[in-house]
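Structural overview for review
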Amino acid sequence: MSVEGAGARSLAGRLGLGSGAGRARAVALRVAARLAKAVITLVGVAAVVFVVLRLLPGNQITSSLGVNAGLLTKAQYADLERYYGIGKPLPEQFGQWAGDLLRGNMGVSEQSGRSVTSLIGSALPVTVELAVAAMLIGLVLGVGAGTAAAAAPGRLADRCARLAALAGLGVPSFVIGSGLVAFLASVFHYFPSSEGFASLGSDPWLNIQQIFWPALTLGLGIGAAILRTARGAMLDVARQGYVRAARGRGLRPGLVTVKHVLRNALIPIVTMSGIQFGYLLGGTVVVEQIFVLPGLGRLLLMSVTESDYAVSQGITLVFALGFIAVNLITDLLYAVVDPRLRS
Amino acid sequence: MAGLAQAPTAAPAETAGHPGLARRLWRQPSGRAGLVILAVMVLAGLASLAGLAPDPPDAQHPLATLRGPSAAHLFGTDQFGRDVLSRVMAGTVLSLQTALLAVAICAVAGTLGGVAAGYFGGALSWVVTSVADLIFAVPSVLLALAIVSGLGPGWQNTAIAVGISYTPIFIRVVRGPVLALRQADYVKAARVLGFSRSRILFRHVLPGVGGILAVQVTLALGWAVLIEASLDFLGLGPPPPAATLGLMVSEGTNIAGIAWWNLAFPALAVVLLVLGFTLTGDGLRDALDPSAAGRP
């Protein structure tokens with residue numbers, strides 16, 4: 001299957017679906033195997049999260065009573081253990097927790113009294129919006145500047161892009177975020193989150209202002225990593241014979257850069273974007289805290305400092321699920337961008 | 001690395017290569033910049049440890065609060081009249097010692113795991129790589145967050161959390177080359193000669209991954225500084241009045257409008273530390289792999 005031929009096909013065609021029954025079955029099998037692996041990883045992660053949170057010193061009783069927990073009698077302690085469901089052996093606790101989880105019951109928040117599912121349900125859209133916006137900003141900045149840099153290596157644009165990438169990698173997101181907040185507040189007397197969070201449905205304009213700055217904070221770091229990867233991969237591809245041949249045939253340089261070089265440098269870019277998504281999930285904790293966004297990251301930090309186990313457990317699991325899903329999508333995207341992986 | 005694996009005279013070639021490495025690193029622009037930055041930061045830290053800072057980091061001067069940078073206080077003072085330069089120097093020490101302990105943990109655990117998984121194979125390899133994959137599936141910042149919240153505040157606990165969350169990367173980075181080295185002729189020869197397993201591992205296999213390890217250790221140090229400062233920023237590190245760079249950035253943000261130096265200098269110190277390690281790591285990688293260096 002030639003690269004030109006692939007360019008015109010639909011997405012389904014690109015994934016290899018619907019191009020011959022035998023091939024379709026092979027592809028479906030591969031996707032199913034990859035899905036099974038993702039599910040196994042998720043179960044493993046659930047077990048790890050469960051065990052880690054229980055291995056750590058302290059439990060619900062000490063977190064709700066503090067040092068007074070030492071004053072409890074044996075019988076009172078046993079009653080509380082039964083109340084929190086932590087007196088039984090670990091495997092039994094895990095089975096109980098996993099069974100509840102499958103029914104959509106993630107427990108109840110010790111601090112707010114609300115169910116963990118509803119807490120996560122109201123925080124998740126904020127974090128998803130932030131993550132998607134940050135990823136878009138990172139991809140546009142990274143691929144755009146990376147392409148410009150690779151088109152003229154060693155020239156001014158390339159030097160500027162590499163310097164910017166270095167800055168983007170070296171400056172932590174909490175420094176960028178704090179700097180942005182301080183700058184907006186002291187120079188423009190502007191802080192979009194001072195009015196309380198507005199959802200995209202209720203007040204779209206305010207919502208965009210509230211999401212833009214944190215997304216930019218995260219997007220700069222992602223963009224820097226993607227820029228470096230894109231530039232390196234495109235310089236590797238640009239040395240190939242067929243690129244020289246395309247230039248020799250007199251094709252426009254811009255066309256060669258996009259259709260011949262960028263098109264074939266996509267695999268490392270996709271890989272790096274997937275890796276950066278993991279960074280993004282961790283980054284939401286910091287950035288949501290700085291910009292006071294009521295998302296999963298802020299909720300996680302609060303539950304962690306308040307030892308609200310059910311909430312931290314649930315959110316960590318949701319983050320891991322998102323991370324695993326993105327890895328899965330990354331693997332499937334390889335087949336879209338590289339026709340050789342389909343045959 | 002490939003040349004090393006094929007050459008029967010690996011040992012002399014390696015000793016001859018060592019003095020050259022430092023010079024090659026210095027010749028890389030990024031390596032030189034990184035080394036210079038790190039030297040400045042390490043000297044500042046050592047000066048603080050030796051008591052050469054202008055003021056004790058916790059000394060309060062109620063009559064000189066929020067003073068701007070001047071000859072008396074080069075970086076100004078904070079809301080308690082504490083000297084910002086002295087606090088930044090003390091914070092640099094705390095960041096460096098946390099990063100060193102964290103990387104010591106993940107480098108030792110990850111190298112042992114990676115060598116075991118790569119060299120012995122079988123069930124052991126499966127267990128090690130599965131555990132690494134599972135830890136890898138939880139974003140590392142979140143893992144560090146969960147661990148440090150359970151262990152409680154304190155720089156050692158931060159180091160443990162950061163070290164655990166970075167171990168899978170060392171396992172992955174080491175395992176691949178060890179798999180290849182196991183089949184190298186000089187390792188096979190060592191086995192035929194009847195050398196003990198530990199001698200083969202430590203004298204023949206481990207030096208072969210030394211270059212990769214050096215690059216990874218440098219990059220991990222930069223990453224550890226970043227995560228440590230982020231955790232401190234979130235309030236999960238040593239509590240106030242400890243002089244941590246992350247905590248100083250967090251407090252500095254609130255008063256940046258009237259005293260920018262409280263935000264700018266601690267933030268600059270974090271950036272320099274992270275950049276210093278990242279640049280040195282990049283330079284080291286290029287110095288060890290001449291084919292990748294000097295690309296147009």
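Residues numbered from 1 in each chain as written. Chains lettered and ligands numbered in written order. Predicted model: local features only at pLDDT ≥ 70, side-chain atom pairs only at ≥ 80, totals over all residues.

1. Re the overall build of chain B
Along the backbone of chain B there are 12 helices and 0 strands. Ordering the α and β elements of chain B from the N terminus gives α-α-α-α-α-α-α-α-α-α-α-α. On the principal axes, the C-alpha backbone points of chain B span a range of 75 × 45 × 35 Å. A burial count over chain B gives 51% of its 296 residues as buried. For chain B, long-range pairs separated by at least 24 residues make up 70% of all intrachain contacts whose partners lie at least 6 apart in sequence. (Helix = DSSP H or I, 4+ residues; strand = E, 2+ residues; numbered from the N terminus. Buried ≥ 20, exposed ≤ 12 C-beta atoms within 10 Å, placed from the backbone. Contact = placed C-beta atoms within 7 Å.)

2. Overview of the overall build of chain A
Scanning chain A for helices and strands turns up 15 helices and 0 strands. For chain A, buried positions account for 35% of its 343 residues. Taking contacts inside chain A between residues at least 6 apart in sequence as the whole, the part at least 24 apart equals 71%.

3. Some details on unusual backbone geometry
Look at the link from Pro240(B) to Pro241(B): it is a cis peptide, with omega at 5°. Tracing the backbone shows Pro241(B) in the loop between helix H10 (210–233) and helix H11 (245–254). The phi dihedral of Val292(A) is positive, around 50°, even though this residue is not glycine. For Val292(A), a count of 16 C-beta atoms within 10 Å corresponds to the partly exposed category.

4. Points about the interface of chain A and chain B
Where the parts come together, the accessible area they lose is often given as the size of the interface. Contact residues are listed per partner, giving 39 residues for chain A and 31 residues for chain B. Of all the elements in the fold, those that place two or more residues in the side of chain A that touches chain B are helix H3 (21–55), helix H8 (156–170), helix H9 (173–187), helix H13 (266–290), helix H14 (296–305) and helix H15 (309–337) of chain A. In terms of residues, the side of chain A that touches chain B owes the most to one element, H9(A), which gives 8 residues. The residue makeup of the side of chain A that touches chain B, split by class, is 25 nonpolar, 14 polar and no charged. (Nonpolar A, V, L, I, M, F, W, Y, C, P; charged D, E, K, R; others polar.)

5. Quick word on the nonpolar core
Residues and elements named next belong to chain B. One finds Ala144, Ala224, Val225 and Val270 to be the most contacted residues of the largest nonpolar core, which totals 163 residues. For this core, the leading source of residues is helix H4 (residues 84–120), giving 17 residues. Setting aside residues up to four positions removed in sequence, Ala224 forms contacts with Thr98, Ala99, Ala102, Val103 and Val162. (Core = buried A, V, L, I, M, F, W, Y, C linked by C-beta atoms within 7 Å.)

6. Quick notes on the packing of helix H3 (residues 29–49) of chain B against helix H12 (residues 261–288) of chain B
Residues and elements named next belong to chain B. Taken N-terminus to C-terminus, the directions of H3 and H12 make an angle of 145°; their axes are 7 Å apart at the nearest point. The element H3 and its partner H12 pack so that their crossing is left-handed. Facing Ser30, Gly31, Ala33, Gly34, Leu35, Ile37, Leu38 and Met41 of H3, the residues of H12 in contact are Leu272, Leu273, Leu275, Gly276, Phe277, Leu279, Thr280, Asp282, Gly283, Leu284 and Ala287. Considered class by class, the residues forming the contact of H3 with H12 number 12 nonpolar, 6 polar and 1 charged. (Axes fitted to C-alpha atoms, helices over the stretch in contact; angles between N-to-C directions. Left-handed = near helix turned anticlockwise from the far one by under 90°.)

7. Some remarks on helix H7 (residues 155–182) of chain B
With 28 residues, H7(B) ought to run about 40 Å at 1.5 Å a step, and its terminal C-alpha atoms sit 39 Å apart, in line with that. Where H7(B) bends most, the angle comes to about 35°, and this point is Tyr166(B), followed within four residues by the proline Pro168(B). (Expected span 1.5 Å × (residues − 1). Bend = angle between axes of the 7 residues up to and from the residue.)

8. Here's the deal with the confidence of the model for chain B
Residues and elements named next belong to chain B. Overall, the prediction assigns chain B a mean pLDDT of 83, with 91% of residues at 70 or greater. Mean pLDDT across the elements of chain B bottoms out in helix H1 (residues 2–6) (40) and peaks in H4 (92). In this model, residues 1–17 is a region of pLDDT below 50 whose contacts with residues beyond four sequence positions or in other chains number 13 contacts. Model confidence for the complex: the whole-complex pTM is 0.81, and ipTM, which rates the interface, is 0.79. (pLDDT = per-residue confidence, 0-100.)

9. A few points about the confidence of the model for chain A
Here chain A averages 81 in pLDDT, and 89% of its residues register 70 or above. Mean pLDDT values for the elements of chain A range from 41 in helix H1 (residues 3–7) of chain A up to 92 in helix H7 (residues 116–151) of chain A.

10. A short note on the environment of Gly295(A)
Residue and element names in this part refer to chain A. In this fold, Gly295 is placed in the loop between H13 and H14. For Gly295, a count of 26 C-beta atoms within 10 Å translates into the label buried. A C-alpha to C-alpha distance of 39 Å links Gly295 and Val261, two positions 34 residues apart in sequence. The contacts of Gly295, once residues within four sequence positions are left out, are Ala123, Val126, Thr127, Leu130, Thr284 and Glu288.

11. Section: the packing of H8(A) against helix H10 (residues 204–238) of chain A
Residues and elements named next belong to chain A. The interhelical angle for the contact between H8 and H10, taken along N-to-C directions, is 130°, at an axis separation of 8 Å. One way to sum up the angle between H8 and H10 is to call them oblique. As for how H8 packs across H10, the hand of that crossing is left-handed. For the pair H8 and H10, the contacting residues are Ala161, Ala165, Gly168 and Leu169 in the first and Leu220, Gly221, Gly223, Ala224, Ala225, Leu227 and Arg228 in the second. For the contact of H8 with H10, the class distribution of residues is 7 nonpolar, 3 polar and 1 charged. (Parallel < 35°, antiparallel > 145°, perpendicular 65-115°, else oblique.)

12. Comments concerning the environment of Leu219(B)
Residue and element names in this part refer to chain B. As for its position among the elements, Leu219 is in helix H10. The exposure class assigned to Leu219 is buried, which follows from the 21 C-beta atoms found within 10 Å. Note: C-alpha distance between Leu219 and Asp282 (63 residues apart in sequence) is 8.1 Å. Residues in contact with Leu219, not counting those within four places in the same chain, are Phe277, Thr278 and Gly281.

13. Description of the environment of Gly51(B)
Mapped onto the fold, Gly51(B) is located in the loop between H3 and H4. C-alpha separation for the pair Gly51(B) and Ser86(B), spaced 35 residues apart in sequence, amounts to 9.8 Å.

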